[in-house]
Each structure stands twice: as C-alpha cells, then as structure tokens.
Amino acid sequence: QVQLVESGGGLVQAGGSLRLSCAASGGTFMIYPMGWFRQAPGKEREFVAVISWGGSNIRYADSVKGRFTISRDNAEDTTYLQMNSLKPEDTAVYYCAASYSEYGDITSSDHYDYWGQGTQVTVSS
C-alpha cells in the first residue's frame, strides 16, 4: 500500500514562489508516473503536471506551462513541484498522485491509484 504525503504549501503573494514536495512510502518500487492535481473551491479537480518514472515524459497544463516545474528523485521517493510567478488563480488544494501504469491518459485523475491528503496553496493579490 502506497502512502503519499504532500508538504510545502502556504500563503504567498502574487509573483512569489513555492516548492511542493510529495514523499512516497510503501510499495514505491511499483510506482510509475507521478502527477500533481489541484482543486479550487467550487471547482473540479484539475490536472497540473505529470512526470514519468525516468523523467523522460513530462507534461503540464497550459495554465501552468512556463511557470511550474515538476521533478522527481527516485532514490528519495519524492516528487517536487516548483511553482514560480504564482497568480491568485493558482489558489487551490494541491494533491500528488501515483499510478502503477505508464499507459493510458496520465493527465486524467482516473489514471491514478493513490492520492495524498493535499496541501493548501493560497496566492494573495
């Protein structure tokens, strides 16, 4: 059973930066893509970024492209989301997710087997 724990969220002014971390434990040798999703109040959960196990396949939502960077350290079983030039519309609870499969739509929340509890990111204007 895989457990995911996010950290690094907080309150930041527009234009600022935050770095989210997602630490995985338990059965991590079976994890392939790691994704970040977010959910704002009153909205559905949306895809933010995903990275394959080896890091060769990385995808971003258009809304964060050029501002966010996803990375992973497999030796530490940790995935990161560096968020720069933050905007008020980035305010949401951010979740990391893990999947056992590289195949299929890795930008869909339905693809993922395990989820973290979420970390709040609030960007003030």
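The following refers to the structure shown.

Attention shifts here to the packing of aromatic side chains. For the coordinates displayed, the defined rule picks out five aromatic pairs. Considering the side-chain rings of phenylalanine 37 and phenylalanine 47, the 5.8 Å spacing of their centres and the 70° angle between planes classify their relative orientation as edge-to-face. With phenylalanine 37 in strand 4 (residues 34-39) and phenylalanine 47 in strand 5 (residues 46-51), the pair connects residues that are 10 residues apart, well separated along the chain. As far as the burial class goes, phenylalanine 37 and phenylalanine 47 line up, both buried. Of the aromatic side chains, those joined through ring pairs into one cluster are Phe37, Phe47, Tyr112 and Trp115. The ring of tyrosine 95 carries arginine 45 above its face, with NZ or CZ at 4.0 Å from the centroid. Over the ring of tryptophan 115 we find arginine 45, and its NZ or CZ is 4.6 Å from the ring centre.

Strand order across the open sheet formed by four strands is 1-3-8-7, with antiparallel pairing between neighbours. If you trace the sheet from one side to the other, it starts and ends with strand 1 (3-7) and strand 7 (68-73), each paired once. The sheet shows a mean angle of 15° between the axes of neighbouring strands, taken without regard to direction. Bridging between strand 7 and strand 8 (residues 78-83) involves six bridges; their strand directions are antiparallel. What sits directly across from isoleucine 70, in strand 8, is leucine 81.

As enumerated under the stated definition, the model contains one disulfide in all. Note that cysteine 22 is cross-linked by a disulfide to cysteine 96, the S-S spacing being 2.0 Å. Between cysteine 22 and cysteine 96, the disulfide has an S-S torsion of 55° and is therefore right-handed. With cysteine 22 in strand 3 (residues 18-25) and cysteine 96 in strand 9 (residues 92-98), this pair connects stretches of sequence that are 74 residues apart. The two residues cysteine 22 and cysteine 96 agree in class, both being buried.

Quick look at the nonpolar core now. Counting 34 residues, the largest nonpolar core has Leu4, Trp36, Val48, Phe68, Leu81, Met83 and Tyr94 as the members making the most contacts within it. Mapped onto this core, the elements with two or more residues apiece are strand 3, strand 4, strand 5, strand 7, strand 8, strand 9 and strand 11 (119-124). When residues no more than four places from it in sequence are discounted, the contact partners of leucine 4 are Cys22, Ala23, Ala24, Met34, Cys96, Ala97, Ala98, Tyr114, Trp115, Gly116 and Gln117.

Turning next to the pattern of salt bridges. According to the stated counting rule, one finds four salt bridges in the structure shown. Note that arginine 38 is salt-bridged to glutamate 46, the shortest N-O span being 2.6 Å. Taking the relative accessible area as the measure of exposure, glutamate 46 reaches 35% and is therefore partly exposed. When the shortest N-O distance is used, the salt bridge between aspartate 90 and arginine 38 registers 2.9 Å. Placement of the pair is aspartate 90 in the loop between strand 8 and strand 9 and arginine 38 in strand 4, with a sequence separation of 52 residues. In terms of burial, aspartate 90 and arginine 38 fall into one category: buried.

Rules behind the numbers
- Residues numbered from 1 in each chain as written.
- Predicted model: local features only at pLDDT ≥ 70, side-chain atom pairs only at ≥ 80, totals over all residues.
- Heavy atoms only, no water.
- Phe/Tyr/Trp six-rings, centres within 6.5 Å; stacked < 30°, edge-to-face > 60°.
- Helix = DSSP H or I, 4+ residues; strand = E, 2+ residues; numbered from the N terminus.
- Buried < 20%, exposed > 50% of the residue type's maximum accessible area, 1.4 Å probe, protein only.
- Lys NZ or Arg CZ within 6 Å of the ring centre and 35° of its normal.
- Pairing = 2+ DSSP bridges.
- Axes fitted to C-alpha atoms, helices over the stretch in contact; angles between N-to-C directions.
- Disulfide = S-S within 2.5 Å.
- Core = buried A, V, L, I, M, F, W, Y, C linked by side-chain atoms within 4.5 Å.
- Contact = heavy atoms within 4.5 Å.
- Salt bridge = Lys/Arg side-chain N within 4 Å of Asp/Glu carboxyl O.

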